[in-house]
Amino acid sequence: TFENGYNVYLALAIGFLGFMMMISHRDILSQIIGFLILENGITLFSTATLGSAPLILEIGLSFVVILVTILMATLTKNVQEWYGTSDTAHLSDLIE
C-alpha cells in the first residue's frame, strides 16, 4: 500500500502526462483521452490530499467532464466532416 505522499506524486505525474498528451498530440481523440487522464490526475490529487473530494467538487468535475466530452465529440464529428481527418493541424486555417 502507498502512503499519501506517493499518491500526491502519482497524481501530479498523471496530471502532467495528461496535460502533455493534450499539448503534444494533434489527433482530436488523443486530446480527449489526454483531457480525461488530466481529470483523473486532479481527482486522485484531491483524494490524496483531502481523503475524499467534497461532494460539490465531485459534482462540478463530473459536469465539466461530461460537458467537455460532448463538446469534443461534436468538434471531432465536424472536423471529420469538413476536412476528412481528425488531425488538428488543419484547424490553423481558421486563423485570419
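Notes on the structure follow. (Residues numbered from 1 in each chain as written. Predicted model: local features only at pLDDT ≥ 70, side-chain atom pairs only at ≥ 80, totals over all residues. Heavy atoms only, no water.)

**As for helix 2 (residues 28-50)**
Between the first and last C-alpha of helix 2 there are 33 Å, a value that for 23 residues agrees with the 33 Å anticipated at 1.5 Å per step. For helix 2, every residue scored as buried is listed here: Ile28, Ser30, Gln31, Ile32, Gly34, Phe35, Leu38, Glu39, Gly41, Ser46 and Ala48. Just past helix 2, the residue Gly51 takes up positive phi, approximately 90°. (Helix = DSSP H or I, 4+ residues; strand = E, 2+ residues; numbered from the N terminus. Expected span 1.5 Å × (residues − 1). Buried < 20%, exposed > 50% of the residue type's maximum accessible area, 1.4 Å probe, protein only.)

**So, helix 3 (residues 55-83)**
Its 29 residues place the ends of helix 3 41 Å apart at the C-alpha level, agreeing with the 42 Å of an ideal helix rising 1.5 Å per residue. Burial in helix 3 covers these residues: Leu61, Val65, Met72, Thr76 and Val79. Of the surrounding elements, those touching the buried residues of helix 3 are helix 2. Downstream of helix 3 by one or two residues, Gly84 has phi in the positive range, about 75°. (Contact = heavy atoms within 4.5 Å.)

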